[in-house]
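Given next are the chains, with one letter for each unit.
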Amino acid sequence: MATQPLEAPMTWTTSPRAADALEKALKENPQVIPHHSEKWDVSRSDIYYEDRWQPIFREMRAAGDLHKVEDSPFGPHWNVVSHRAIQHIEALPDLYSSAEGITILDKLSDEKLAELGRDRFELPMFIAMDRPKHTGQRRTVAPKFTPSNMGDMETEIRARTGELLDTLPRREVFDWVDTVSIELTTGMLALLFDFPWEDRRLLTFWSDWAGDTEIGLVRDLDMQRQGILREMGAYFTKLWMERAQKEPSPDLISMMIHSPAMNQMSPEEYMGNLVLLIVGGNDTTRNTMSGIIHAFDKFPDQRKLFEEDPSLIQNAVQECIRYQTPLAHMRRQATEDSEIFGQTVKAGEKLILWYISANRDEAVFENPDKLDITRENARRHLAFGYGIHRCVGARLAELQLRVLLEEMHKRRMRVHVAGDVERVRANFVHGFRKLEVEVTEF
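What comes next concerns the included structure. A quick note: this is a predicted structure, and the numbers were derived from the prediction, not measured.

1. What to know about the packing of helix α7 (residues 147–167) against helix α8 (residues 176–193)
The geometry of α7 relative to α8 is characterised by a closest axis approach of 11 Å and an angle of 155° between their N-to-C directions. With respect to each other, α7 and α8 are oriented roughly antiparallel. Considering how the two elements wind past one another, α7 and α8 form a crossing that is right-handed. Residues M153, E156, I157, R160, T161, L164 and L165 of α7 touch α8, and the partners they reach there are W176, T179, V180, E183, L184, G187, M188, L191 and L192.

Structure, rendered in structure tokens:
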């Protein structure tokens, strides 16, 4: 890297999980996150935590493709809620920029930073860059996710998945999120980075702290997050220094080191791209692995179809990704005035692309609130985005999910929801924090 590593004291062994820290802050002071006053302010995390977001977005879609929100804790923005409007915006990356970030959370102004007595802390990442810089950095990591590499990785993914499924207790309640979803996805990330296996759960810990937008609204938690991400940076900088002394290898860190587009990154940019790869690789797959189990339990007719006809698994993966939508939104910013389906968007205005709404758009998906693993157009989902910023690891996510379903089917595993179901309290990551289940056979 171009400059010296960011150093920070290692405190992750005593730091709480991000969700626990936010929950504690909200209990101590419910007003720590400002009051939401507009009925269509879907930035509020409680509607996802309580799983009651569907009718709000349905009402918005019926009223139009995008709607202006003036009063929200995250500032004014446009809610883009239809499938066609999101595709339109993502197809025009020069007009609708990614450079201001990928989440609804704004960067603090210099004045606000001075008021709070804080230094600027930003983590550039290639998904939050425009062309041409985005192109060079994305091309660096993209070879890791080619179809041929997926074929090479499938054997190992299948072996690890099968081994884990064989250890699951039968007719005994356990947490699927921690035991299966986190273990499989964290292990996969560790392999991609050639990360020390005994420390692999740190990847989940860092991902959770990096991916929660509401933490950014709570000053103390935001400062704690900065410290934790600096620790992550220090850990990965050590790996960078070690790999730089070795011959090129196929792990993502070595690929960055030996790429002209990325080998002169600042420590902050290195950290930003790590956050992107960790959150993208962890949350998308992890939450869909949990979402599949919950959806099959909610729609037993679809579980029965899966059990009777394994040829449906390929399409079932796409439908489960559509139904779950593991990342609820992405953000763009208009670079000039434009018209979008009857609305005038001014230069500088923020647009929030609600993938979670587009994937339930009645104009594209018939009976969209139902899981249907035979759905002919399930692949039209926008859970991975669209255009030049489409998720670089989409094939790997699909592979992991397909292998999980195939290995479950091979073992005739039926998984029932049998206890607590707790969702993530967030407006960006959409998933499950706990899912207590019991395994039987079909």
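2. Some points on helix α12 (residues 267–298)
The end-to-end C-alpha distance of α12, which contains 32 residues, comes to 45 Å, matching closely the 46 Å that a straight helix rising 1.5 Å per residue would cover. With 27 of its 32 residues buried, α12 lies for the most part within the structure.

3. Concerning the sheet that holds strand β10 (residues 432–441)
What the three strands build is an open sheet, ordered β4-β10-β9; its pairing is antiparallel. A strand with exactly one partner marks an edge of an open sheet, and here the two such strands are β4 (174–175) and β9 (413–423). In terms of strand pairing, β9 meets β10 through eight bridges, oriented antiparallel. Bridge assignment links V417 to a residue of β10, and that residue is V437. Along the sheet face, α12 touches β9 and β10 and points at about 55° away from the line of β10.

4. Here's the deal with the environment of E242
Its place among the elements puts E242 in helix α10 (residues 219–244). With 12 residues separating them along the chain, E242 and S254 place their C-alpha atoms 9.8 Å apart. A polar contact is formed between the side chain of E242 and the side chain of K238, at a distance of 3.0 Å.

5. Some points on the pairing of strand β5 (residues 329–334)
Taken residue by residue, a regular strand's side chains alternate between the two faces of the sheet. Within β5, six of the six residues are buried, which leaves it mostly tucked inside the rest of the structure. Sheet topology places strand β3 (residues 96–97) next to β5; two bridges connect them, and they run antiparallel. Each residue of the ladder has a partner; that of S97, found in β5, is Q333. Relative to strand β8 (residues 350–354), β5 is paired through five bridges, and the arrangement is antiparallel. Paired with H329 across the bridge in β8 is W354.

6. So, the pairing of strand β2 (residues 77–80)
Burial along β2 is two-sided: H77 and N79 and W78 and V80, pointing in opposite directions, are all buried. Across four bridges, the pairing between strand β1 (residues 66–69) and β2 is antiparallel. Looking across to β2, one finds that H67 is bridged to N79. In the sheet, β2 pairs with β8 via three bridges, with the strands oriented parallel. Following the sheet pairing, N79 is matched in β8 by I352.

Each value, and the rule that gives it
Residues numbered from 1 in each chain as written. Predicted model: local features only at pLDDT ≥ 70, side-chain atom pairs only at ≥ 80, totals over all residues. Heavy atoms only, no water. Axes fitted to C-alpha atoms, helices over the stretch in contact; angles between N-to-C directions. Helix = DSSP H or I, 4+ residues; strand = E, 2+ residues; numbered from the N terminus. Parallel < 35°, antiparallel > 145°, perpendicular 65-115°, else oblique. Left-handed = near helix turned anticlockwise from the far one by under 90°. Contact = heavy atoms within 4.5 Å. Expected span 1.5 Å × (residues − 1). Buried < 20%, exposed > 50% of the residue type's maximum accessible area, 1.4 Å probe, protein only. Pairing = 2+ DSSP bridges. Polar contact = N/O pair within 3.5 Å; in protein donor to acceptor, adjacent residues only side chain to side chain.

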